[in-house]
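This is what each chain is made of:
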Amino acid sequence: MAVNTETEIIYRKPVAKDGASVWELIRDTETLDLNSPYCYMLLGDYFNDTCMIAEHEGDIIGFISAFRSPRNQDRLFVWQVAVARTHQRQGIAKTMLTNLLKQKACLGVRFIEATISPSNMASHRLFLSFAEQRSIPSTVTAGYGADMFPDRTNHEDEPMFVIGPFFNQM
Ligand SMILES: CC(=O)NCC[C@H](N)C(=O)O
């Protein structure tokens, strides 16, 4: 059942104690690589300046994780974008990404990088509409091919989308 939450969503940085709930959200979306709960705690503890939570009535219903590339500070790698099935198609992912780019930690970002597998249609829509609406160029490179993953995981290709350059100031 979709929930109409136009005015009730809270957007905030994650903290370590959100790790278990984020893990459950990623698990339940069934479209992303499920990292360990420990990984999501670390993201909430050490990388939360470039991550965002969407919360509705106390439940975590959206999550975006990202970090500035250590070797190229003008690039923001967006790792995962997830929205609960009950809250999809309401612009929550777009709002999380937009809010994330407004964070001080994203000042000066000129490129967004993300790997998006062919079946991840939600992220395809998110990033391509982000680029189109701002008339920002986007390119796709090989990224991480299916052959890089262990044989029995049947993992899809993870082509790398690069959006930019764009001017991201507060
Ligand atoms: C943008 C996005 O959500 N990419 C997912 C990459 C990968 N399949 C993962 O789930 O971490």
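One can find the structure itself at the top, above this paragraph.
These numbers were taken from a predicted model, which means no experiment stands behind them. Counting of residues starts from 1 at the beginning of each chain's written sequence and follows it residue by residue. For this predicted model, a pLDDT threshold of at least 70 governs which residues receive local features, and a threshold of 80 or more governs which side-chain atom pairs are given and counted, while totals over whole chains, interfaces and linings are taken from all residues. The basis for every side-chain value is the complete set of heavy atoms in the structure, and neither hydrogens nor water enter the calculation.

Participant: Honestly, the site of the ligand in this entry has me stumped. Any pointers?
Facilitator: Surveying the vicinity of the ligand reveals the residues Leu32, Asp33, Trp79, Gln80, Val81, Thr115, Asn120, Ser123, Phe127 and Glu158. Note that an oxygen atom of the ligand is positioned 3.0 Å from one of the side-chain N or O atoms of glutamine 80. Residues adjacent in sequence count toward polar contacts only when both atoms are side-chain atoms; beyond that, a polar contact is any pair of N or O atoms within 3.5 Å, and within protein one must be able to donate a hydrogen and the other to accept it. Valine 81 is positioned with one of its backbone polar atoms (N or O) 3.1 Å from an oxygen atom of the ligand. Taken by itself the ligand offers 330 Å² of open surface, and the protein chains cover 94% of this. A cutoff of 4 Å decides nearness: a residue is near a molecule or strand if any of its heavy atoms lies inside that distance of it. Note on areas: Shrake-Rupley with a 1.4 Å probe; residue coverage comes only from the protein chains shown.

Participant: Even after reading the chapter, I still don't get the sheet that holds strand β3 (residues 59-69), so can you show me in this structure?
Facilitator: Taken in spatial order, the seven strands make up an open sheet running β1-β2-β3-β4-β5-β7-β6, and their pairing is mixed. Whereas interior strands pair on both sides, the edge strands pair on one side only; in this sheet they are β1 (9-12) and β6 (138-144). Averaged over all pairs of adjacent strands, the angle between their axes in this sheet comes to 25 degrees, without regard to strand direction. By the bridge criterion, four bridges tie β1 to strand β2 (residues 51-56) in an arrangement that is antiparallel. Counterpart to tyrosine 11 in the pairing with β2 is alanine 54. Its contacts with the sheet put helix α1 (residues 19-29) on β2, β3 and β4 (72-83), and the angle it makes with β3 is roughly 100 degrees. Against the sheet, helix α4 (residues 121-133) makes contact with β4, β5 (111-115), β6 and β7 (158-163), and its axis sits at roughly 20 degrees relative to β7, the strand it touches most. Here a strand pair is declared whenever DSSP counts at least two bridges between the two strands. Elements are defined by DSSP. Helices are runs of H or I of four residues or more, strands are runs of E of two residues or more, and each kind is numbered from the N terminus. Orientation is described by axes fitted as lines to C-alpha atoms, over the contacting stretch for helices, and by angles from 0 to 180 degrees between their N-to-C directions. Residue contacts are counted whenever heavy atoms from the two residues lie within 4.5 Å of one another.

Participant: Looking at this structure, how should I read the pattern of salt bridges?
Facilitator: Two side chains that carry opposite charge are able to pair once their charged atoms sit near each other. Any Lys or Arg side-chain nitrogen found within 4 Å of a carboxyl oxygen on Asp or Glu counts as a salt bridge. For the structure on display, the rule yields seven salt bridges. A salt bridge links arginine 85 to glutamate 30; its shortest N-O distance comes to 3.0 Å. In this pair, arginine 85 sits in the loop between β4 and α3 (92-101) while glutamate 30 sits in the loop between α1 and α2 (37-46), placing the two residues 55 residues apart along the sequence. For glutamate 30, a relative accessible area of 64% corresponds to the exposed category. Residue exposure (1.4 Å probe, protein chains only): buried if accessible area is under 20% of the type maximum, exposed if over 50%, otherwise partly exposed.

Participant: What should I look at first to understand the pairing of β3 in this one?
Facilitator: When a strand is regular, its side chains alternate between the sheet's two faces. Counting buried residues in β3 gives nine out of eleven residues, a clear majority hidden from the surface. Judged from the six bridges that link them, β2 and β3 form a sheet pairing that is antiparallel. Residue pairing in the sheet places isoleucine 53 in a bridge with phenylalanine 63 of β3. Remark: two residues form the turn of the hairpin made by β2 and β3, two consecutive strands paired antiparallel; glutamate 57 in that turn has positive phi of roughly 50 degrees. Of the pairings in the sheet, the one linking β3 to β4 comprises eight bridges and is antiparallel in character. By the bridge assignment, serine 69 is partnered in β4 with asparagine 72.

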